[in-house]
Amino acid sequence: MFQGLSDLGHAYLSFMNPLTLAYGLGGAFVGIVMGILPGLSATLCIALLTTLTIKLQANDAILVLICSYVGALYGGSRTAILLNIPGTAANAASCADGYALAQKGQAGRAIGIATSGAFVSTLFGVVCLALFTPLLAEVALSFGAFEFFWLALFGVTMSGSIVGNDPLKGWLMGLLGLFVAQIGQESLYAYNRFTFDWDELSGGISLIPALVGAFGMAEVLTTLADPVERKIVEMKDSVLPRWKEIIEYRWTVLRSGVIGVFTGLLPGVGEDAGAWMSYAAAKAASKEPEMFGKGSIDGLMAAETGDMASIPGHIIPSLALGIPGSAPSAVLMAAMIIHGIQPGPMLMIQNPHFVYEVVAMTTLASITILLFGLFGVRPLLQVLRVKRSILMPIIFLLCTVGAFASASRLFDVYVMLAIGIGAFFLRRRGYEMAPFVLGLVLGPLLDKSLRRGLVLSDGDLSPFFTRPICIVFATVTIFTILLYVPWFKRGVRALTGNISGSIKGAFSRGT
């Protein structure tokens, strides 16, 4: 315990220098700008910045990415309040009450509420990140090749629910990511797989061109194909939060923070789930539920607190288990791997200080959004006046430079273009790219663990199903898949309904 506190103190002190603070402020600024622009997601922001920070030290690069992650989700609340368009999917729950307040001439007040809720909830999530990640990692240290196989397979199974409403499309994209991850020389005997005698493919598909193509290039094409122009609401009042309101809604902040962190811990449940669940809980507990959707302070506070608290929640399983809980955390985990940091159970052995450094990074990110949220509102809103016909070519140029700069190979630019064009058409058919990236990231771990396990067991499959942890993961994975089968889902609902009814009946007879 004391060693952990010492490591945490050293992590905070290591970031107390001008250059590191500048990186944090810069990352948060870029994230907020990307979040403010409708259609540009936190996932795209992290993917683009991964290419631009490839030459930085690992800690500085991850700091920029985490600050941009937090900044993008926070920045999306601006357009939700002023345009009634969520900057990111996680900000959709903020539209109703935030825009209603803006129409009443209280846009600044709404932004102040969103800023204070985001700041407090992110700090709450940071505390949970510091407490739970080492504990979860200690449990995961008992994993071997057999357990890692099921862990990776469970992560790919979560691609059915990580985004969208069609699990089949998610699984198909996850399997496509697994297939692409197998291209190139395999890890044990350096045998070429799926290269078709094309030498450039022997090294496999690099993560950076794939990320930039799947999110950056595809986003450019999607935005240019479906431009949306909306008039923003003028902001005339002050954005400084009323601390009396924060104290008044302290239970809303605490409840939404717990819900946000909990939803973040669940693989496949995005930041938007934390926002909507917090919003629903606040409405159920409110004395004025009829005000929700008409400018409720309680509702706006709950929505912004829930989605921001889920960010540290998503980082916990990403670090401890190597399973990202959302699309942005999947790209963040890929960036960590690119910078030589392997998330998962071995992280606490190979790089135990990194967890506490991430805690310090997330704390710095929460402070930066508070500063920009209170003192940089009006200048940042000028970004909304930039035409998309100007902005999108700039992003395309960044995508091209980023794909080439990672390894100085023109082939990577071709990969970025091919994946980007393919992703554009797939997205128009309802196929999301986050499951593809998840399969691409977890593919090497799944392949390596399966082959190592077979070598250790001399080709025997039984250890994959008889070891205790494997049994748990296999059961959860199969159960997760079956939950999407209609008759099985109906049976589970009926069973849980009968059990809850029996418990309520027992309590009523007892009283």
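Below, the structure is looked at part by part. (Residues numbered from 1 in each chain as written. Predicted model: local features only at pLDDT ≥ 70, side-chain atom pairs only at ≥ 80, totals over all residues. Heavy atoms only, no water.)

### Here's the deal with the packing of helix α3 (residues 42–52) against helix α4 (residues 58–82)
Our working rule: A fitted line through C-alpha atoms serves as each axis, taken over the contacting stretch for helices, and the angle formed by two N-to-C directions is quoted from 0 to 180°. Only DSSP runs of H or I reaching four residues or more are called helices, and only runs of E reaching two or more are called strands; each is numbered from the N terminus. Here the word oblique covers every angle except those under 35 degrees (roughly parallel), over 145 (roughly antiparallel) and from 65 to 115 (roughly perpendicular). Crossing chirality is assigned from the near helix's rotation relative to the far helix, an anticlockwise turn below a right angle marking it left-handed and a clockwise turn marking it right-handed. Whether two residues are in contact is decided by their heavy atoms, any of which lying within 4.5 Å being enough. Residue type decides the class: Asp, Glu, Lys and Arg count as charged, Ala, Val, Leu, Ile, Met, Phe, Trp, Tyr, Cys and Pro as nonpolar, and the leftover types, Gly among them, as polar.
At a minimum axis distance of 9 Å, the contact between α3 and α4 shows a crossing angle of 155°. Here α3 is positioned roughly antiparallel relative to α4, judged by the angle of their axes. As α3 runs across α4, the sense of the crossing is right-handed. Residue-level inspection shows Ala42, Cys45, Ile46, Leu49 and Thr50 of α3 in contact with α4, the latter providing Val64, Leu65, Ser68, Tyr69, Ala72 and Leu73. Looking at the contact of α3 with α4 residue by residue, the class counts come to nine nonpolar, two polar and no charged.

### Examining the side chain of Asp447
Here Asp447 is to be found in helix α20 (residues 434–456). Contact partners of Asp447, with chain neighbours within four places excluded, come to Gln182 and Arg193.

### Quick look at a nonpolar patch on the surface
Note the threshold: Here a patch means residues that are over 30% exposed by relative accessible area and free of salt bridges, tied together within 9 Å if like-charged and within 5 Å if nonpolar (Val, Leu, Ile, Met, Phe, Trp, Tyr). The method behind every accessible area is Shrake-Rupley, applied with a 1.4 Å probe, and residues are considered shielded solely by the protein chains displayed. The term salt bridge refers to a side-chain nitrogen of Lys or Arg lying within 4 Å of a carboxyl oxygen of Asp or Glu. Only protein chains enter the area calculation, which uses a 1.4 Å probe; residues under 20% of their type maximum are buried, those over 50% are exposed, and those in between are partly exposed.
The grouping of Val127, Leu131, Phe132, Leu135 and Leu265 at the surface amounts to a nonpolar patch, some 440 Å² of accessible area in total. Sort the elements by how many residues they give to the nonpolar patch and helix α6 (residues 107–140) lands first, with four residues. The residue Phe132 is located in helix α6 in this model. Owing to a relative accessible area of 37%, Phe132 belongs among the partly exposed residues under this scheme.

### Quick word on unusual backbone geometry
Positive phi is not limited to glycine here, since Phe194 has a value of about 55°. Looking at where Phe194 falls in the secondary structure, it is placed in the loop between β2 (192–193) and α9 (207–225). Despite not being glycine, Asp458 shows a phi value in the positive range, around 55°. Of note, Asp458 is situated in the loop between α20 and α21 (463–466).

Bear in mind that shape data such as this cannot, by itself, settle questions of function.
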